[in-house]
Amino acid sequence: MQQIAQGSALLSRVYRVHLDFAVEPSPGPRSVVVKIATTDPEQLLAAELLGFYHREVWMYTNIAGQLPYRTPEVFLAAVSDDGRATTLVLEDLRRARPVDQVRGAMWREVCLGIDALAAQHARFENTPLVSSVGSVCRSLSDPVYPTVLPMLFEPGWELAREVCGDRISPQLSRFGDRWSVECGELLRRLMERPTLLHGDFRADNLFVDRGGLIVTDFQIAGLGAGAFDLAYFVSQSVGPTRRRSRDLRIVERYVAGLGAHGAPSRFGTTWREYRTALLACLVYPVAAFRSWESKNPRGRALIEAMFTRAAATIESTEALELVSDV
């Protein structure tokens, strides 16, 4: 057994387990991936309060087969009643090519991701499922978020300014100081057209093989505007050189994908939601800074890349125009 995904898994511990069988040919895989709860007390509390482990088990056991992309085969998915312990035994994707988030997604990978998100969001928009899963996959307007997320953001923001202060503009600094006040309203604006969100659609959760994209990690699945997933993916998984001057093209491709799958959307509406989501999604890298001291070099590089890319995308899209007092 060997621990893997160190420096990329933020809420769990992940292991590759090699299996031996007494008979040949083997009746099962030679190796599996086992995913269990984090031991970090603060991250574990967040997972409990926000139901992250319940969500992932529910997604793998109830929804994975309906998604428009491949997900790992599930051999076991279990979670404790209190949501503080979980065990997932999954297909080992070692033969697929991982998308490296520190390096940044290549443009072909970006396009695969955009198309996958458009297909998913179109499939689940305005369906009975969206109105029935709120108790498991919380909506972005759930009052728990403005209560819990500032508890994660504020200590992370102090560390983010220490580590990346030279890359934070005065306007973004003022917004960061007010993020906890603004987050509830930002999330509320992203509930006009709810669909099923992956919630953590980032490069380190993606693999590519001959069949296309393979998507993992559904701990933060939820309900909200599809542009939330898109903004999170692009702003924190795509390097600035590759993304620069392409924001409009990215949203245009996503809108075209929605239309192709029977869920037409206006570009102006989606562009506004995309920019709003960029501001809301700043919580991901900022909250990750809370574990900065305990991270290995790869983990620190990931957090820093996520934050600096998010900040650059907010600046280049002039998203701060959507909030006051900055």
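Residues numbered from 1 in each chain as written. Predicted model: local features only at pLDDT ≥ 70, side-chain atom pairs only at ≥ 80, totals over all residues. Heavy atoms only, no water.

### Here's the deal with the pairing of strand S4 (residues 74-79)
Link 1 in the chain: Where S4 and strand S5 (residues 86-91) come together, five bridges link them in antiparallel fashion. By the bridge assignment, Leu76 is partnered in S5 with Val89.
Link 2 in the chain: Connecting the antiparallel pair S4 and S5 is a turn made up of six residues, with Gly83 showing a positive phi of about 75°. (Pairing = 2+ DSSP bridges. Helix = DSSP H or I, 4+ residues; strand = E, 2+ residues; numbered from the N terminus.)

### Section: the sheet that holds strand S6 (residues 97-98)
Link 1 in the chain: Judged by pairing direction, the sheet is antiparallel, and its three strands sit side by side in the order S6-S8-S9 without closing on themselves. Only two strands of the sheet have a single neighbouring strand rather than two, namely S6 and strand S9 (212-215).
Link 2 in the chain: By the bridge criterion, four bridges tie strand S8 (residues 206-209) to S9 in an arrangement that is antiparallel. Paired with Leu206 across the bridge in S9 is Val215.
Link 3 in the chain: Together, S6, S8 and S9 form the strand contacts of helix H3 (residues 107-124), whose direction differs from that of S9 by roughly 65°. (Contact = heavy atoms within 4.5 Å. Axes fitted to C-alpha atoms, helices over the stretch in contact; angles between N-to-C directions.)

### Some remarks on the confidence of the model for the protein
When pLDDT is low, close inspection of the predicted coordinates is not appropriate.
Link 1 in the chain: Averaged over every residue, the pLDDT of the protein is 92; residues scoring 70 or more account for 96%.
Link 2 in the chain: No element of the protein has a lower mean pLDDT than helix H4 (residues 128-132), which averages 71, and none a higher one than helix H10 (residues 267-280), which averages 98. (pLDDT = per-residue confidence, 0-100.)

### Examining the sheet that holds S4
Two orientations exist for strands paired in a sheet by backbone hydrogen bonds: parallel and antiparallel.
Link 1 in the chain: Pairing is antiparallel in the open sheet, where five strands are placed in the order S1-S2-S3-S5-S4. Edge positions in the sheet fall to strand S1 (2-4) and S4, since each of these pairs with one other strand and no more. Here the average twist between neighbouring strands, direction ignored, is 25°.
Link 2 in the chain: Set on the sheet, helix H2 (residues 52-63) makes contact with strand S2 (12-18), strand S3 (31-37), S4 and S5; between it and S4 the angle comes to about 145°.

### With respect to the environment of Ala288
Link 1 in the chain: Position of Ala288 among the secondary structure elements: in helix H11 (residues 283-288).
Link 2 in the chain: The class of Ala288 is buried, set by a relative accessible area of 8%.
Link 3 in the chain: Taking C-alpha positions, Ala288 is 20 Å from Leu197, a pair spaced 91 residues apart along the chain. (Buried < 20%, exposed > 50% of the residue type's maximum accessible area, 1.4 Å probe, protein only.)

### A word on the packing of aromatic side chains
Aromatic ring pairs are reported here in terms of the distance separating the ring centres and the angle at which the planes meet.
Link 1 in the chain: According to the stated counting rule, one finds eleven aromatic pairs in the structure shown.
Link 2 in the chain: Judged by centre distance (5.2 Å) and plane angle (85°), the ring pair of Tyr60 and Phe218 falls under edge-to-face. Placement of the pair is Tyr60 in helix H2 and Phe218 in the loop between S9 and strand S10 (222-224), with a sequence separation of 158 residues.
Link 3 in the chain: A ring pair is formed by Trp157 and Phe307, whose centres lie 6.4 Å apart and whose planes are at 55°; its orientation type is tilted. Placement of the pair is Trp157 in helix H5 (residues 144-164) and Phe307 in helix H12 (residues 297-316), with a sequence separation of 150 residues. The same class applies to Trp157 and to Phe307, which are both buried.
Link 4 in the chain: Among the aromatic side chains, those forming a connected cluster through ring pairs are Phe153, Trp157, Trp179, Phe289, Trp292 and Phe307.
Link 5 in the chain: Sitting above the plane of the Trp107 ring, Arg246 keeps its charged end 4.1 Å from the centroid. (Phe/Tyr/Trp six-rings, centres within 6.5 Å; stacked < 30°, edge-to-face > 60°. Lys NZ or Arg CZ within 6 Å of the ring centre and 35° of its normal.)

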